[in-house]
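Here is how the chains run, residue by residue.
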Amino acid sequence: MDCASQQIDHDRRRLLGTALVAISAFELGTDKPAQAGPSVNTQGRNVVGKAGRQPSGSLKQIDAGLLSIGYAETGPATGEVVVLLHGWPYDIHTYGDVAPLLASKGYRVIVPYLRGYGTTRFLAGKTMRNGQQSAVAADVIALMDALRIERATIAGCDWGARTANIVAALWPQRCKAMVSVSGYLIGNQQAGKQPLPPSAELQWWYQYYFATDRGRAGYEKYTRDFAKLIWRLASPRWNFDDATFERSAAAFDNPDHVAVVIHNYRWRLGLAEGEPRYEDLEKRLAQAPVITVPTITLEGDANGAPHLEAGAYAKMFAGRYSHRLITGGIGHNLPQEAPQAFAEAVIDVAAAT
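Each value, and the rule that gives it
- Residues numbered from 1 in each chain as written.
- Predicted model: local features only at pLDDT ≥ 70, side-chain atom pairs only at ≥ 80, totals over all residues.
- Heavy atoms only, no water.
- Helix = DSSP H or I, 4+ residues; strand = E, 2+ residues; numbered from the N terminus.
- Buried < 20%, exposed > 50% of the residue type's maximum accessible area, 1.4 Å probe, protein only.
- Contact = heavy atoms within 4.5 Å.
- Areas by Shrake-Rupley, 256 points an atom, 1.4 Å probe, with all protein chains shown as cover.
- Phe/Tyr/Trp six-rings, centres within 6.5 Å; stacked < 30°, edge-to-face > 60°.
- Pairing = 2+ DSSP bridges.
- Patch = residues over 30% accessible without salt bridge, like charges linked within 9 Å, V, L, I, M, F, W, Y side chains within 5 Å.
- Salt bridge = Lys/Arg side-chain N within 4 Å of Asp/Glu carboxyl O.
- Arc of directions from axis to C-beta.
- Polar contact = N/O pair within 3.5 Å; in protein donor to acceptor, adjacent residues only side chain to side chain.

Chemist: How would you explain the overall build of the chain if you had to name every residue and give the values?
Modeler: Looking only at helices and strands, the chain features 14 helices and ten strands. Relative to its 353 residues, the chain shows a buried fraction of 57%. When contacts within the chain are restricted to residue pairs at least 6 apart in sequence, those whose partners lie at least 24 apart make up 80%. When the accessible surface of the chain is totalled, it reaches about 14,500 Å², and 53% of it is carbon and sulfur.

Put into C-alpha cells, the structure is as follows:
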C-alpha cells in the first residue's frame, strides 16, 4: 500500500467511525404523509425536526467505480429500492425524515453521500476531483452496480435533482421513476456561457465568486459560514437550529469537498475542463434529452434559490408527469423542510409504474 492509499484508508476509517456514532439509530416520525395533489399545504411544517433525527439505522461503505461511497440504508432488504440524492451545501440529513416514512411503507431506501461529502472517498489519489454533472451521475450508476440494484426510483433536490435527471435521461432502464425538486436541471457548458438578465445573474453571485482564486480560498476558509448563508438565502422561512446545521456541516469536512464544489461551478461556466471519460455523456446531455420515465416535480412556495417556473420545463418530461407546488413557506431544501410531501411524491410516482 502506497502512502496515498494509507492516508485514504486512515481517513476512511476515521470518518466512518465518526459517522457510525452519529448515525447509530433512526427515529420514525409519527405524522402521516401530506395529502397529495397539485398544491400541497404543509401548514407551516417547515420547522426543525426532532433533535438527533438521522437518515438511517446504519451507515455503510462500498467501493463503487472511482469511489468508496458512504451511504445510509433503511427499510427491508427485499423492498423496492429508492435512491435519495442530496445537493449542495447539504448532505444525507436532507432525508432524515423522508427515509423512515418510505421504509415504513416497505421501501429499501439508499441515501449516498455524493463525491466530496461525508465518508465518500476517491479510491486513488491521482483521480481528478471532478464535480461535473455527468461524473456525479456516473457515481450513482456505479453505486447501483456495486449494490446489484437493477432499477430504482430516484429522487433528489439541488445537485441531487440534476443527478436524478441525468440518470433518468441517459440510463432510463435503471430508473423506474423520478422525483425532482425544481424540475429539469440538466445543463451544458455552452448554455452556461450565455448571459442572463442582471436580476438573474445576481442570484448566481456565488458561482462567480467561486470562479476566482479569492472565492476558492474564501470557501475553504469559511466553509461552514458560507453554507449557513446559502441555507438562509435559499430557504428564508426554514427555522433550522444550529444543531440541525452542524449535523450536515460535518459532511463538508471531507478532504475533497472544496475541490469538487469549486470544479462543479467552474465547469458550468466553461472555466474548467472536464474529463475525457465523460465527454460522450456530456455531448448527449448538451442535446437536452427529454425524460421519459414517470416523474413528479416539486417546488416550494418560498424557494430563494435560482429556479424556473414549472411551465418552463414541463415539455421536457414525455412520460407520465405531474407538478406539485408545496406551500407553507417551503424553501430550496424541500425534502428536509416538507418531508411528508416529498415522501408522498416518491410513493405516488413509484406506484404509477
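Having seen the model, we can carry on.
Chemist: Which residues make up unusual backbone geometry, and what values do they have?
Modeler: Among all residues except glycine, the phi angle is most often negative; among peptide bonds, the trans geometry is most common. At the junction of W88 and P89, the peptide bond is cis and its omega measures out at -5 degrees in the coordinates. Checked against the element boundaries, P89 lands in the loop between β4 (81-85) and α2 (98-103). Positive phi outside glycine occurs at S182, with the angle close to 70 degrees. Here S182 is to be found in the loop between β8 (175-181) and α5 (189-192). A relative accessible area of 5% means that S182 is categorised as buried. Phi is positive for A288, close to 50 degrees, though the residue is something other than glycine. Tracing the sequence through the fold places A288 in the loop between α12 (279-285) and β9 (295-300).

Chemist: Quick rundown of the packing of aromatic side chains? Include the residues and the values.
Modeler: Considering all chains together, one arrives at 28 aromatic pairs under this definition. Centroid distance Y206 to Y265: 5.6 Å. Interplanar angle 90 degrees. Geometry classified as edge-to-face. Highlighted residues: Y206 in helix α7 (residues 205-210) and Y265 in helix α11 (residues 257-268), separated in sequence by 59 residues. By relative accessible area, Y206 is classed as buried at 10%. Aromatic pair W238 and F240: ring centres 5.0 Å apart, planes at 55 degrees, arrangement tilted. An aromatic cluster of at least three residues, connected via ring pairs, comprises W88, Y117, W159, W204, W205, Y206, Y209, F210, Y219, F226, F252 and Y265.

Chemist: Describe the pairing of β9, with residues and values.
Modeler: Within β9, six of the six residues are buried, leaving the element largely enclosed by the surrounding structure. Side chains T295, T297 and E299 project from β9 onto one buried face, and the interleaved I296, L298 and G300 project onto a second face that is buried too. Where β8 and β9 come together, four bridges link them in parallel fashion. Bridging across to β9, M178 finds its partner in T295. As paired strands, β9 and strand β10 (residues 321-327) are joined by six bridges and run parallel to one another. Counted as the bridge partner of T295 is Y321 from β10.

Chemist: If you had to explain a nonpolar patch on the surface to someone new, which residues and values would you point to?
Modeler: Where nonpolar side chains cluster on the molecular surface, the patch consists of W205, L229 and L233 and spans about 250 Å² of accessible area. Relative accessible area serves as the criterion here: at 42%, L233 is assigned to the partly exposed category.

Chemist: Account for helix α8 (residues 213-221), with residues named and values stated.
Modeler: Each α-helix winds once per 3.6 residues, and so residues spaced three or four apart point in a common direction. For α8, the complete set of buried residues consists of G215, G218 and Y219. Considered in projection along α8, the buried side chains sweep an arc of 95 degrees and stay on one side of the axis. In α8, the exposed positions that point more than 90 degrees away from the buried face belong to D213 and K221. Packed against the buried residues of α8 are α7, α9 (223-234) and α11.

Chemist: So what's going on with the environment of K60? Which residues, and what values?
Modeler: The residue K60 is located in strand β2 (residues 58-64) in this model. With near-sequence residues (within four places) excluded, K60 lies in contact with I69, G70, Y71 and E73. A distance of 3.1 Å separates the side chain of K60 from the side chain of E73, its partner in a polar contact.

Chemist: Outline the pattern of salt bridges, supporting the account with residue identities and numerical values.
Modeler: Under the defined criterion, the tally for this structure stands at 13 salt bridges. A salt bridge links E73 to K60; its shortest N-O distance comes to 3.1 Å. In this pair, E73 sits in strand β3 (residues 67-74) while K60 sits in strand β2, placing the two residues 13 residues apart along the sequence. E73 gets classed as buried once you look at its relative accessible area, which sits at 9%. In this structure K60 comes out as partly exposed when scored by relative accessible area, which is 33%. For E275, the salt bridge is made with R277, and the minimal N-O distance between the two is 3.4 Å. Residues participating in the shared-partner salt-bridge network are K60, E73 and R108.

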